[in-house]
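# Fold and geometry: a report
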Amino acid sequence: MNTERSLKLYNSLSGKKEIFKPLHEGHVGMYVCGPTVYYDVHLGNCRTFVSFDIMYRYLLHLGYRVRYVRNITDVGHLTDDGEDRMAKGARVAQLEPMEVAQKYTVGFHDMMRAFNTLPPSIEPRATGHIPEQIEMVQDIMARGYGYERNGSVYFNVRKFDQENPGVYGHLSGRVLDELLVESRDNLKSQDEKDDPADFAIWMKARPGDIMVWKSPWSVGFPGWHLECSAMSTKYLGQTFDIHGGGNDLKFPHHENEIAQNHGACGCAPAKFWLHTNMLLLEGKKMSKSEGNFITPVQMFTGDSPFISKAYTPMMLRFYMLQAHYGSQLDITDEALLAAEKGYRKLMETNKVLQGLPADATAYDGSESEHDRAILALIEDAYAGMDDDFNTAVALACLNELGSYAHKLANKQLDASAVSPWVLERLKTVFNTFIFDIFGLQDESDAAGDEGTVDGLMALILDIRANARTQKDWGTSDKIRDGLAAAGIAVKDGKEGTSWAKN
RNA sequence: GGUAUCGUGGCCGAGUGGUUAGGCACAGGUCUGCAAAACCUGCUACAGCGGUUCGAAUCCGCUCGAUACCUCCA
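Residues numbered from 1 in each chain as written. Chains lettered and ligands numbered in written order. Predicted model: local features only at pLDDT ≥ 70, side-chain atom pairs only at ≥ 80, totals over all residues. Heavy atoms only, no water.

## Comments concerning the overall build of chain A
Regarding its fold elements, chain A presents 17 helices and 16 strands. A sequence separation of at least 24 residues applies to 74% of the contacts in chain A between residues at least 6 apart. Accessible surface, chain A: about 23500 Å² in total, of which carbon and sulfur atoms supply 51%. (Helix = DSSP H or I, 4+ residues; strand = E, 2+ residues; numbered from the N terminus. Contact = heavy atoms within 4.5 Å. Areas by Shrake-Rupley, 256 points an atom, 1.4 Å probe, with all protein chains shown as cover.)

## Some thoughts on helix α3 (residues 97–114)
With 18 residues, α3 extends 26 Å from end C-alpha to end C-alpha; this agrees with the ideal 26 Å at 1.5 Å per step. Listed in full, the buried residues belonging to α3 are Pro97, Val100, Ala101, Tyr104, Thr105, Phe108, Met111 and Met112. Looking down the long axis of α3, one finds its buried residues gathered within 125 degrees of arc, a one-sided arrangement. Exposed positions of α3 whose direction lies more than 90 degrees from the buried face are Lys103 and Arg113. (Expected span 1.5 Å × (residues − 1). Buried < 20%, exposed > 50% of the residue type's maximum accessible area, 1.4 Å probe, protein only. Arc of directions from axis to C-beta.)

## Observations concerning the state of the cysteines
The full count for this structure, using the stated rule, is one disulfide. Bridging cysteine 265 to cysteine 267, the disulfide has an S-S length of 2.4 Å. Judged by the torsion about the S-S bond (-100 degrees), the cysteine 265/cysteine 267 disulfide is left-handed. Cysteine cysteine 33 is unpaired, with the sulfur of cysteine 228 as its nearest cysteine sulfur at 3.8 Å. (Disulfide = S-S within 2.5 Å.)

## Here we look at the pairing of strand β1 (residues 8–11)
Burial along β1 is one-sided: the face carrying Leu9 and Asn11 is buried and the face carrying Lys8 and Tyr10 is not. As defined by bridge partners, β1 adjoins strand β2 (residues 16–19) across four bridges and the pair is classed as antiparallel. When the bridges of β2 are listed, lysine 8 appears paired with isoleucine 19. The turn linking β1 back onto β2 is made up of four residues, and glycine 15 within it adopts a positive phi angle of 75 degrees. (Pairing = 2+ DSSP bridges.)

## A few points about unusual backbone geometry
Residue proline 252 follows phenylalanine 251 across a cis peptide bond; omega there is 0 degrees. Within the element layout of this structure, proline 252 appears in helix α9 (residues 250–265). For asparagine 150, which is not a glycine, the phi torsion comes out positive at approximately 55 degrees. Residue placement: asparagine 150 occurs in the loop between β5 (146–149) and β6 (152–155). One non-glycine residue, phenylalanine 389, lies in positive phi territory at about 55 degrees. Relative accessible area serves as the criterion here: at 3%, phenylalanine 389 is assigned to the buried category.

## Overview of the pattern of salt bridges
For the structure on display, the rule yields 17 salt bridges. Linked by salt bridges that have partners in common, Asp53, Arg57 and Arg317 make up one network. (Salt bridge = Lys/Arg side-chain N within 4 Å of Asp/Glu carboxyl O.)

## A closer look at the sheet that holds strand β12 (residues 279–281)
Within a sheet, adjacent strands bond to each other through the backbone by hydrogen bonds, running parallel or antiparallel. Spatially, β13-β12-β14 is the arrangement adopted by the three strands of the open sheet, whose pairing is mixed. Of all strands in the sheet, those with a lone pairing partner are β13 (284–285) and β14 (329–331), marking the two edges.

In structure tokens form, the structure reads like this:
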């Protein structure tokens, strides 16, 4: 695409925006921490994956060949009492652990499809990469950063820090010594570890653990952070371009991941670390125990005290576009209502725009002030995306561009005011942004039977037009009100009457 | 308690040294048989208190508040 533009990304490692240059010209490797499939996907998860989906789409749009890896965590996370999450879920539901994983993986995929996210290039599962994880433990031990205790293997953070100063804690802005002091009491006494900051890379199974594998040290399971290190290395190489995730994963997950990669190969994993921010509900963190919680399904059905009606996935996606991925985003019913209208308006505007005829005969070859304004707004939209994927800025530009479509359609602006090639570019850019980059879908189109409905509507509006010529307002309004009740808005314009679904 | 991030108009939310964000809501107007939609105009802001600067919503300090992480967590 346009080589004069440069993509800038906020890199959590440096705390600054940096110009993005892939390690290998034209190719981008991106790893994003995926969901743990022990429960229904969290709405916040959806925001994170929608955010990275937009990044993925924009990188593709820029012409990069992107390998997007997003894992499925189906093992390895411990609960408070030390029990494997998958195993706990299994016990509660009386299912095989893999059955639980499968159920919620399918649910997760359904949700991702509802939000119209593109599938990643590779979606590796932790349980499918046990040998790779064991190998990584071996690599870490071979380089002297792992030690075994009773069949479990721990990462020696202290030694790693001494030999690689400035690496551990860099991402999350933590100082190792302070970390140790601040560790809570119940964590200080993890007896097997040499040091409280050390973390497990292989855990020996205890009686009752179900998801276990053989390893050189014990029958057990990999540590909490190891899968991402092993799988990113396997599919993207020891060093790759972008690693992403929610910012609550910064510490300890990503910090430990970096340590493991360094420990295994002596090099840094990702050049850029991108972190998405949290979704709030009425200004507060979503918390099941506090009752401050809403699920994606509740959003879609409207079955929640927090919202007055159902909101569709695309409305939510639009809502997310209005904020930067790095900012907290607060969900309130009032804000969602506003987003719903904004979303519908954008879709309707695009239809109007795409329906504008290109009048090449009126073109005199010059560039009008409107041409320049439109082209400048298009540039601004791209500049917004180039500035750390600022969808809010790009969307604002589209909104402004959209008014040109209506002005032309309403003849408030003469067709000759915009050059045909500018109009064509506007149409293309609008479509590209809305559908390809933002990943929105026009839900009013989703009902199917478009041909039938169009035919029916044409007939109905024709009858109404006749009634109106005869000043039969009763019939005319009856049709309009009846259609309104059926969820169809009738719009009388200079060029005739059009309609749209609400 | 420690460490970060943030606090923008009625609501949501960009911006981050001087210039209109945008959406929703609201008011007036144009259009319309009346509406709706669309278009035009208007409205109004940078938590508080100090400081730096010719100039600060934007930089610095303090206060208050919010959120996150420090413990599995997008």
